[in-house]
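# Observations on the three-dimensional arrangement
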Amino acid sequence: PALSVHDWASDPGETRNLHDPANPEHRRMMERLAEYKRVLVEAHRRDSFGARDPSAERQEELLRSLGYIE
C-alpha cells in the first residue's frame, strides 16, 4: 500500500495526502518506517525464548491480508 501522510489538525477528514515520494526527507522516513516495521514484526514472531509463537503465523497471515506487511 502507498504511504499517506495527513495533517489531522487542518485536514481531519484526511482528504489531502501530503506525502511526496520525490522528497528525499520523505523517502528517508519511509525507509526508517519500513525498517521499524520489520523489526516489530520479527520481534512479534518470537516468544521470550526465541521460539516461534504458533499464533504468530495466523496473526502474520491476517496482517498480510490487510496490507500491513508484505
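This one's a predicted model, so the numbers in the text were calculated from it and none came from an experiment. Note on numbering: residues in each chain are counted from 1, in written sequence order. With the structure being a predicted model, the display of local features is reserved for residues of pLDDT at least 70 and the display and counting of side-chain atom pairs for 80 or more, all residues being used for whole-chain, interface and lining totals. Just so you know, side-chain values use all the structure's heavy atoms and leave hydrogens and water out.

Here we come to a nonpolar patch on the surface. Note on patches: the residues involved have over 30% relative accessible area and no salt bridge, like charges join within 9 Å, and the nonpolar side chains Val, Leu, Ile, Met, Phe, Trp and Tyr join within 5 Å. Computed by Shrake-Rupley with a 1.4 Å probe, the accessible areas treat only the displayed protein chains as cover when residues are assessed. For this analysis, a salt bridge means a side-chain nitrogen from Lys or Arg found within 4 Å of a carboxyl oxygen belonging to Asp or Glu. Taken together, the side chains of L63, L66 and Y68 present a nonpolar region at the surface, about 320 Å² in accessible area. Labels follow the DSSP assignment, with helices taken as runs of H or I lasting at least four residues and strands as runs of E lasting at least two, numbered in each case from the N terminus. Within the element layout of this structure, L66 appears in the segment after α2 (54-65).

This next bit is on helix α1 (residues 24-45). To estimate the expected span of a helix, subtract one from its residue number and multiply by 1.5 Å. Compared with an ideal rise of 1.5 Å per residue, which puts 22 residues at 32 Å, α1 spans 32 Å between its outermost C-alpha atoms and is within 8% of the ideal. The N-terminus of α1 is capped by N23, whose side-chain oxygen sits 2.7 Å from the backbone nitrogen of E25. Pairs of N or O atoms are called polar contacts if they sit within 3.5 Å, as long as, within protein, a hydrogen donor faces a hydrogen acceptor (for residues adjacent in sequence, only side-chain-to-side-chain pairs).

Relative to the helices and strands, H6 resides in the segment before α1. By relative accessible area, which is 21% here, H6 ends up partly exposed. For the pair H6 and R16, spaced 10 residues apart in sequence, the C-alpha separation works out to 6.6 Å. Any two residues whose heavy atoms approach within 4.5 Å at even a single point are treated as in contact. Non-local contacts of H6, meaning those with residues more than four positions away in its chain, are made with D11, E14, T15, R16, N17 and L18. Here R16 takes part through its backbone oxygen, which lies 3.0 Å from a polar atom of the side chain of H6. Only protein chains enter the calculation, and the probe is 1.4 Å; a residue is then buried if its accessible area is under 20% of its type maximum, exposed if over 50%, and partly exposed in between.

Remember that the coordinates give geometry; whether it matters functionally is a separate question.
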